[in-house]
Amino acid sequence: MAAAPKSTAKPLYALSAANNLMGLFRMDKARRLIIAGNWKSNKTNTEAVALVTDLIRDLSTVKEVDVVVCPAFTALSDVSRLVLESNIRLGAQNLSDAGYGAFTGEIAPGMLRELSVRYVVLGHSERRQYQNESDALVAKKAANAHANNLIPIVCVGETLAEREAGITERVVETQVRGSLAGLTAEQVEATVLAYEPVWAIGTGKTASSAQAQEVHAFIRKVLASMHGEAVAKRVRIQYGGSVKGSNARELLGQPDIDGALVGGASLEAKNFVEIIRNAI
Ligand code: PEP
């Protein structure tokens, strides 16, 4: 595919690093929490506007956490206008590995930038499964995101069969290395990773906090072997998989869990707000 146009604007990760310094940290972790709602293929534009209006009202005082909503592409424009003056940031659920051009059905980075989209979810297990997205494609998309000042949220995670076969670490390591291949240390540091065990997504089954922490610590070890301890310590790693108000505090209290990627429970303002309130 054609090379993406490069932007000369200040990278958003530089902005977010500055925000981190000025923002509030939890006392025990140097990484700022990031909680993102992945609305998937749910919510019409009208419904998305109603949901984000409630979130803006209910979360207006939250300063401790980066809150992100990722509506469907059809709702990005209206949601963008609404969140502009709020503390909620906008994410998209995918990105082309190319720029503008003859790529029917694809969304180029510039289209998202114009709507003040800051994050893009990449390599979600549903796209890996239903659209056959490979680690190599995810890596190309992640590079395209960084080249255009978008922050990728790169998802990895094992299936139930892989966990039961005892190959969770091997699978996750392959995905982390493959999906971040070719990124610079600075780009990796600015990337958000999401550990999402496939067996916990949308199933109501959550990894125990110990299971999740174990894999998060392992991912950080892999990142350290790729780019050094200092970079690994700064990468934010979200947990995803049936996160809800009742388990958020315990999961997000783990030393290597820096936030959550939330599917089902992000579709109702009350549930998403409860997760954020319990995480602070
Ligand atoms: C997800 O799809 O990213 C996810 C974590 O979904 P759920 O919270 O519904 O398990």
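Residues numbered from 1 in each chain as written. Predicted model: local features only at pLDDT ≥ 70, side-chain atom pairs only at ≥ 80, totals over all residues. Heavy atoms only, no water.

Novice: Describe in detail the environment of Ile-280, supporting the description with residues and values.
Specialist: In this structure, Ile-280 sits in the segment after helix 13 (269–279). Among all residues touching Ile-280, those that are not within four sequence positions of it are Val-62, Glu-64, Val-65 and Arg-249. (Helix = DSSP H or I, 4+ residues; strand = E, 2+ residues; numbered from the N terminus. Contact = heavy atoms within 4.5 Å.)

Novice: So, helix 2 (residues 45–58): which residues are in play, and what are the values?
Specialist: Between its first and last C-alpha atoms helix 2 spans 20 Å; for 14 residues at 1.5 Å apiece the expected length is 20 Å, and the two agree. Looking at the buried residues of helix 2, the elements they touch are strand 2 (65–70), helix 3 (73–83), strand 3 (88–92) and helix 13. (Expected span 1.5 Å × (residues − 1).)

Novice: Kindly report on the site of the ligand, identifying the contributing residues and their values.
Specialist: Among the 15 residues in the neighbourhood of the ligand, the closest are listed as Lys-40, Glu-196, Gly-202, Ser-242 and Gly-264. One nitrogen or oxygen atom from the side chain of His-124 is found 2.8 Å from an oxygen atom belonging to the ligand. Taking Glu-196, its side chain carries an N or O atom lying 2.7 Å from an oxygen atom of the ligand. When isolated, the ligand has an accessible area of 290 Å², and the protein chains bury 96% of it. Residue composition of the shell around the ligand, by class: four nonpolar, eight polar and three charged. (Near = heavy atom within 4 Å. Polar contact = N/O pair within 3.5 Å; in protein donor to acceptor, adjacent residues only side chain to side chain. Areas by Shrake-Rupley, 256 points an atom, 1.4 Å probe, with all protein chains shown as cover. Nonpolar A, V, L, I, M, F, W, Y, C, P; charged D, E, K, R; others polar.)

Novice: How would you explain the packing of helix 2 against helix 13 if you had to name every residue and give the values?
Specialist: Here helix 2 crosses helix 13 at 35°, and the two axes come no closer than 10 Å. Like other packed secondary-structure pairs, helix 2 and helix 13 cross with a definite hand, here right-handed. Where helix 2 approaches helix 13, its residues Leu-51, Asp-54, Leu-55 and Asp-58 are matched on the opposing element by Ala-269, Phe-272, Val-273 and Arg-277. Class assignment of the residues belonging to the contact of helix 2 with helix 13 gives a composition of five nonpolar, no polar and three charged. (Axes fitted to C-alpha atoms, helices over the stretch in contact; angles between N-to-C directions. Left-handed = near helix turned anticlockwise from the far one by under 90°.)

Novice: Please provide a residue-by-residue account of helix 12 (residues 245–252), values included.
Specialist: For helix 12, every residue scored as buried is listed here: Gly-245, Asn-247, Ala-248, Leu-251 and Leu-252. The buried residues of helix 12 occupy an angular sector of 150° when projected down its axis, which confines them to one face. Away from its buried face, by an angle of more than 90 degrees, helix 12 presents the exposed residues Ser-246 and Arg-249. As for helix 12, its buried residues are in contact with strand 1 (33–38), helix 10 (209–227), strand 7 (236–240), strand 8 (259–262) and helix 13. (Buried < 20%, exposed > 50% of the residue type's maximum accessible area, 1.4 Å probe, protein only. Arc of directions from axis to C-beta.)

Novice: Describe the pattern of salt bridges, listing the residues and the values that go with them.
Specialist: In the structure shown here, the tally under the stated rule is 16 salt bridges. For Arg-220, the salt bridge goes to Asp-256, with nearest N and O atoms at 2.5 Å. Linking Arg-220 in helix 10 with Asp-256 in the loop between helix 12 and strand 8, this pair joins segments that are 36 residues apart in sequence. Summarising the burial analysis for this pair, Arg-220 and Asp-256 share the class buried. Sharing partners across several salt bridges, the network here consists of Arg-31, Arg-220, Asp-256 and Asp-258. (Salt bridge = Lys/Arg side-chain N within 4 Å of Asp/Glu carboxyl O.)

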